[in-house]
Structures are given as C-alpha cells and as structure tokens.
Amino acid sequence: MTKSTDFSTIPILDLNLAKTGKLDQLLDELRHALLYVGFFYVKNHSIPQSLLDRSKELADKFFDSPQEVKDKYDKIFSSSFLGYSRQGFEKTKGIKDNREQFDFADGNSIEPSPENPEYFKLYAPFKYPSDEDVEGFESTYKQLLSSYKKLSSELVELVALSLGLPADTFEKYFEENHQNRAKVIKYPSVSELDSNDGDQGVGPHKDIAFLLTLLYQANDVPGLQVQNHSGKWIDATPIPGTLIINIGTGLEILTNGLAVATTHRVISPPAGRGPRFSIPYFLSVRLDKPIGVLDIPGDYDHLKNREVISDNDDQFKYLFLNNLSKAWLFNRIKSHPDVGFKYYPELAAEVGITSEPEF
C-alpha cells in the first residue's frame, strides 16, 4: 500500500465551486474522494439549515416521549423495516448496537400482495408519529426527504461527471417504485448505558445496496469513524454547515471496485457529552433486476489490485450482481431479526433465524 492510495483525513468539498466557474476543480476533488477515500464532507449544499434544525428539535421531542408512545410506531408493525426501534434492538455482525432510531422512506407505499415479488414488502406502509404525539414530525421529515432527494440527484450527477461519464448515467439504476431510505438516530452516551452494553453505537459496516449516503451530524458530539485502507480508524468529526457523504456497495460494484465503499462505525459518545444525533439518507439502486458494471474511462490499473483492510466482511456480496433484492432483504433480516422472523420466515431461516429472537 502506498500513500497515494490511502488517506488520513476526510476531504471537504465546496459545492459552490460548480456555481462559480470552477466545476472542473470540484470534479477533480470529487474523483479523488471517490477513488481514494470513499467519504467526504460537502459544504454550501442546498438543504436549509432551518429545516435541519427543526428536524433535530423534533427528534429530541420524539425520543424524549414516553416509551409507550414510541412503541406505537415500532418496526414490528410493518414488513418494510420502517418505523421505531428501541435502544439495542438492532444488531451489526450479531452484536447489539447502542442506538434508538426511527426509519422512514420516500417512494410508494404498496400493500403486500402475493402477486408481487417478495421485496415489495419493503414498500409496505408504515406510521409516522402523529401530530398528537409529536406535532409536525411527519410533515417536517417528509420535507427533509424531499430536500435530501434533490441534493442526492445533484450529487450523483457530479459523481458521473467526475468519472468521465454522462451526467444521466445513474438514472437507469432507478426503478418505477424506487425507494430511498433515511433514519434519525439517537446514540446514548456510555454513562447512560448498562455496564454490559459495551460502546458499540453501530458496528463496522458498509452501506449495502446504495449509491450514496448523505449524513447530517445533528450535534457536535463525536462518534463516527471511518476505516482507511490500511485499517486505521479516522474520526469524522462534525463540522458545522456540512453534510458527510459516503459511497455504498452499489457504487463500488458499478465501478468494479474502483470506488471503494469505505467501512465505518459509530462509537458511543463519551460520558458527560450527552447523546449523539444523526440523520442519514440512503440513495438506493433498483432492486427489480441485476445492476451490471459501468465502463469507466481512464487508466486506473494502479487501483485494481490494491489491498484494502476492512473490519466489514462483505456479507452477501456474492448476490449483488444477480439478486440484489435478496442481499438487501438478508441484510435487513440480520439487523432486525424480530421483523425478519415475523414477515420473512423462509428467508430468515436461511440466515439462521428460526425462532422469535429475544433482546
């Protein structure tokens, strides 16, 4: 491994460069971030800070609600894996993640039907917190979804251009019933956890089946770490006015491994800092047919055989080019075995879940 193919810091890209006659500079910086890092901050993005602030305020109100209120919106009520998860009810690599979260999505709501392929269950309706419980939650988070989607469309066009491809290259990887997911997460500090809980906010992983993840670090509490190619963990410190972007395994596969989906994790906040809040948005690829590999122009032979050390095991990667929907379902079932066992018993059994899990 040479210095040129590894990183020790996460670059910051200024999206205003595209508006001030410096698009080529932005594309050069983005191409370097994609091929050599897999993570980058963006500043001067299009999502209003007022909307992000409001989203954080409502997250506080929701997570501070009585447990019986939050439980009304539990994931277990929908095959979509969308809704509320209690602290410790998600696992990464079989280990409890110390986080409480609410998952939501854009796209269509489709009632499950035996006429549809099984992955359509991912599009099943789910419930947002009502205005009676948290006033304005649903409307605010739907507005945030819309803003995230607009920005992700802009970013994926820049990604294509930076790789020497037409701006609309990735449009063919979206489907009619396309769904992009998001979540708002509260990571309690270690002082709020039981002594047996450990300090895993979320374990080492890559973002499966996605092109890009757009993440708002909603307060100044640390915890997100990125693993560089030699295996060292790099802090992704919250920077005011920025979002942090990382590429998913979908983009890694489409670029035949030239752009590596970088492994990352979250460590529980240290004692005395209070909880960490974040709101990621995941730009997906289509699940209805195999996704193929792009022909990237340019000489990148020096990247093809590089060694990348990762604490992620690339589980189910063998399915990505021929049955991506199954890989995605396996991923969700492993993370949320209670939902998987209830709605996908046959698939759950394939990954070793044959009885209702206990938490």
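Residues numbered from 1 in each chain as written. Predicted model: local features only at pLDDT ≥ 70, side-chain atom pairs only at ≥ 80, totals over all residues. Heavy atoms only, no water.

Colleague: How do you make sense of the packing of aromatic side chains when you look at a structure like this?
Modeller: Between two aromatic rings, the relevant description is the distance of the centres plus the angle of the planes. Enumeration according to the criterion identifies 21 aromatic pairs in this entry. Between Phe63 and Phe277, the aromatic rings sit 6.4 Å apart at their centres with planes inclined by 40 degrees, giving tilted as the arrangement. With Phe63 in helix H2 (residues 49-63) and Phe277 in strand S14 (residues 276-284), this residue pair connects regions lying 214 residues apart in the sequence. Each member of the pair, Phe63 as well as Phe277, carries the same accessibility label: buried. Every member of this aromatic cluster is reached through a ring pair, and the members are Phe62, Phe63, Tyr84, Phe102, Phe104, Phe126, Tyr128, Phe137, Tyr141 and Phe277. Between the NZ or CZ atom of Arg265 and the centre of the ring of Trp233, over which it lies, the distance is 4.0 Å. (Phe/Tyr/Trp six-rings, centres within 6.5 Å; stacked < 30°, edge-to-face > 60°. Helix = DSSP H or I, 4+ residues; strand = E, 2+ residues; numbered from the N terminus. Buried < 20%, exposed > 50% of the residue type's maximum accessible area, 1.4 Å probe, protein only. Lys NZ or Arg CZ within 6 Å of the ring centre and 35° of its normal.)

Colleague: Just to check I follow, could you spell out the layout of surface pockets for this structure?
Modeller: To find leftover empty space, one rolls a probe the size of a water molecule over the atoms. Considering only enclosed or pocket space, the largest pocket measures out at about 890 Å³ in volume. Together, 49 residues line the largest pocket, and Thr92, His205, Asn331, Arg332 and Ser335 are the ones closest to its centre. Those elements giving two or more residues to the lining of the largest pocket turn out to be strand S4 (90-92), strand S7 (181-187), strand S8 (200-205), strand S9 (210-217), strand S13 (264-267), S14 and helix H7 (324-335). Ranked by the residues each element gives to the lining of the largest pocket, the list is headed by H7, at five residues. Across the lining of the largest pocket, the residue classes tally to 19 nonpolar, 15 polar and 15 charged. The calculated volume of the second largest pocket comes to roughly 350 Å³. If you trace the second largest pocket, you find 20 residues lining it, with Asn256, Gly257, Leu258, Leu303 and Lys304 closest to the centre. Its residues assigned to classes, the lining of the second largest pocket comprises eight nonpolar, five polar and seven charged. (1 Å grid on protein atoms, 1.4 Å probe; cavity = no way out; pocket = protein on both sides within 12 Å on 5 of 7 lines; lining within 4 Å. Points joined across faces, edges and corners; volume = space filled by probe spheres on them. Nonpolar A, V, L, I, M, F, W, Y, C, P; charged D, E, K, R; others polar.)

Colleague: Explanation requested: the UniProt feature "domain: Fe2OG dioxygenase" (unreviewed entry) in the chain in the structure shown.
Modeller: Feature annotation in UniProt places "domain: Fe2OG dioxygenase" (unreviewed entry) on residues 178-285, given in this structure's numbering. Along residues 178-285 the backbone is 6% helical and 44% strand, and the end-to-end C-alpha distance reaches 8 Å. (UniProt positions renumbered as here; feature names shortened; annotations may be inferred.)

Colleague: What's the story with helix H1 (residues 23-36) in this structure? I'm lost.
Modeller: Since there are 3.6 residues in each turn of an α-helix, residues three or four apart along the chain are aligned in direction. With 14 residues, H1 ought to run about 20 Å at 1.5 Å a step, and its terminal C-alpha atoms sit 20 Å apart, in line with that. Those residues of H1 hidden inside the fold are in contact with strand S1 (12-14), strand S2 (39-43), helix H4 (137-162), strand S12 (242-247), helix H5 (249-254) and helix H6 (301-304). (Expected span 1.5 Å × (residues − 1). Contact = heavy atoms within 4.5 Å.)

Colleague: Help me out: how do you make sense of the nonpolar core in this one?
Modeller: Side chains of a nonpolar character, in soluble globular proteins, are inclined to be buried together. Phe102, Tyr141, Phe170 and Leu212 are the most contacted members of the largest nonpolar core, which totals 110 residues. Broken down by element, the residue count for this core peaks at eleven residues, all from H4. (Core = buried A, V, L, I, M, F, W, Y, C linked by side-chain atoms within 4.5 Å.)

Colleague: Got a minute to help me understand the sheet that holds S2 in this structure?
Modeller: Backbone hydrogen bonds are what pair the strands of a sheet, in a parallel or an antiparallel way. As summarised here, the arrangement of the eight strands in space is S1-S2-S12-S9-S14-S7-S6-S3, forming an open sheet in which the pairing is mixed. Strands at the two margins of the open sheet, each flanked by one partner only, are S1 and strand S3 (83-85). The average undirected angle you get between the axes of adjacent strands in this sheet is 25 degrees. Judged from the three bridges that link them, S3 and strand S6 (residues 100-105) form a sheet pairing that is antiparallel. Note that in S6 the partner of Ser85 across the bridge is Gln101. (Pairing = 2+ DSSP bridges. Axes fitted to C-alpha atoms, helices over the stretch in contact; angles between N-to-C directions.)

Colleague: Can you walk me through the pattern of salt bridges in this structure?
Modeller: Where charged atoms of side chains with opposite charge meet at close range, the side chains can pair. Counted under the stated rule, the structure contains 21 salt bridges. Two residues, Lys96 and Asp197, come together in a salt bridge whose shortest N-O distance is 2.4 Å. With Lys96 in strand S5 (residues 95-97) and Asp197 in the loop between S7 and S8, this pair connects stretches of sequence that are 101 residues apart. A residue is classified by how much of its surface remains accessible, and Lys96, at 30% relative accessible area, is partly exposed. For Glu138, the salt bridge identified is with Lys142, shortest N-O distance 2.8 Å. Residue Glu138 and its partner Lys142 are both found in helix H4; the two are separated by four residues, about one turn of the helix. Residue Lys142 is classed as partly exposed on the basis of its relative accessible area, which comes to 43%. One network of salt bridges, in which partners are shared, links Lys75, Glu90, Arg99, Asp103, Lys183 and Arg332. (Salt bridge = Lys/Arg side-chain N within 4 Å of Asp/Glu carboxyl O.)

Colleague: What should I look at first to understand the pairing of S9 in this one?
Modeller: Remark: a regular strand shows side chains that alternate across the two faces of the sheet. Across the eight residues of S9, eight count as buried, placing the element largely inside the fold. Of the strand pairs in this sheet, S9 and S14 are connected by seven bridges, and their pairing is antiparallel. By the bridge assignment, Leu214 is partnered in S14 with Tyr281. Two elements, S9 and S12, share four bridges in a ladder whose sense is antiparallel. The residue of S12 that forms the bridge with Thr213 is Asn246.

Colleague: How should empty space enclosed by the protein be read in this particular structure?
Modeller: Using the criterion set out here, one finds three cavities of 30 Å³ or more in the structure. In this structure, the largest cavity is lined by Leu122, Tyr123, Glu175, His178, Gln179, Arg181, Phe210, Ser284, Val285, Arg286, Leu287 and Trp328. Residue classes in the lining of the largest cavity are distributed as six nonpolar, three polar and three charged. Around the second largest cavity, the lining residues are Asp74, Lys75, Tyr84, Ser85, Phe89, His336, Asp338 and Val339. In the lining of the second largest cavity, the residues fall into three nonpolar, two polar and three charged.

Colleague: Even after reading the chapter, I still don't get the packing of H1 against H4, so can you show me in this structure?
Modeller: How two helices sit against one another is set out by the angle between their axes and by the gap between those axes. Across the interface, H1 lies against H4 with an axial gap of 9 Å and an inter-helix angle of 85 degrees. As judged from the angle between their axes, H1 and H4 are roughly perpendicular. For the pair H1 and H4, the contacting residues are Leu23, Leu26, Leu27, Leu30, Arg31 and Leu34 in the first and Leu158, Val159, Leu161 and Ser162 in the second. Taken together, the residues that form the contact of H1 with H4 break down as eight nonpolar, one polar and one charged. (Parallel < 35°, antiparallel > 145°, perpendicular 65-115°, else oblique.)

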